[in-house]
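Now for the letters of each chain:
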Amino acid sequence: MELCEVFARCGLDVLLITVANAALAILLKRTLLKKRPKAVTAMCFIAGGLIYAVYHSIAAADALYAFENLSAVAQKALTIGTLTLALCAAADKFTGGGGEATAADVVTKALDGVV
């Protein structure tokens, strides 16, 4: 899949939330959760889903949006979490980071030919 196809499929809101989520994940991985990289992996999906649910509830002016459209929120949360892991793996590849084996290692191996 080309990068422009990712932009077309996901939408700008998902990509901006992904960048914010990746920044949060990288910050937590290097500070508070330094010895718990698997917690960072779980946090990517949970925080991404929460951020998207809050964002879309505000955008739709509907406080119950996340509960009424649970499948759409779960789909976007999985998309945001997966893109966050890919972005974090790419950032680790560029900065030479790494550590204990996590789900991001699978993405890093997939990025070997690309980055």
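Up top you'll find the structure we're talking about.
Parameters at a glance
- Residues numbered from 1 in each chain as written.
- Predicted model: local features only at pLDDT ≥ 70, side-chain atom pairs only at ≥ 80, totals over all residues.
- Heavy atoms only, no water.
- Helix = DSSP H or I, 4+ residues; strand = E, 2+ residues; numbered from the N terminus.
- Buried < 20%, exposed > 50% of the residue type's maximum accessible area, 1.4 Å probe, protein only.
- Contact = heavy atoms within 4.5 Å.
- Areas by Shrake-Rupley, 256 points an atom, 1.4 Å probe, with all protein chains shown as cover.
- Polar contact = N/O pair within 3.5 Å; in protein donor to acceptor, adjacent residues only side chain to side chain.
- Core = buried A, V, L, I, M, F, W, Y, C linked by side-chain atoms within 4.5 Å.

Undergrad: A description of the overall build of the protein chain should follow, citing residues and the corresponding values.
TA: When its secondary structure is counted, the protein chain shows six helices and zero strands. Secondary structure elements of the protein chain occur, N-terminal to C-terminal, as α-α-α-α-α-α. When each of the 115 residues of the protein chain is scored for burial, the buried share is 31%. Sequence-distant contacts in the protein chain: of pairs separated by 6 or more residues, those separated by 24 or more amount to 59%. If you sum the accessible surface of the protein chain, you get close to 7300 Å²; carbon and sulfur atoms cover 68% of it.

Undergrad: Now, about the environment of Thr84: what can you tell me, with residues and values included?
TA: With respect to the helices, strands and loops of the structure, Thr84 is situated in helix 5 (residues 70-95). Thr84 gets classed as buried once you look at its relative accessible area, which sits at 0%. Measuring from C-alpha to C-alpha, the distance between Thr84 and Thr41 comes to 9.2 Å, with 43 residues separating the pair along the chain. Residue contacts for Thr84: discarding those within four places in its chain leaves Thr18, Asn21, Ala22, Ala25 and Cys44. In terms of polar contacts, Thr84 uses its side chain to reach the backbone carbonyl oxygen of Ile80, at 2.6 Å.

Undergrad: An account of the nonpolar core is requested, with residue identities and associated values reported.
TA: Core analysis: the biggest nonpolar cluster contains ten residues, these being Cys10, Val14, Leu15, Ile17, Tyr52, Ala53, Tyr65, Ala66, Val73 and Ile80. Put simply, the parts of the chain that give this core at least two residues each are helix 2 (12-30), helix 3 (37-60), helix 4 (65-68) and helix 5. In this structure, Ile80 is in contact with Val14, Ile17, Thr18, Asn21, Gly48 and Tyr52, ignoring residues within four places of it in sequence. Residues Ala25, Leu28, Val40 and Met43 belong to the second largest nonpolar core, which totals nine residues.

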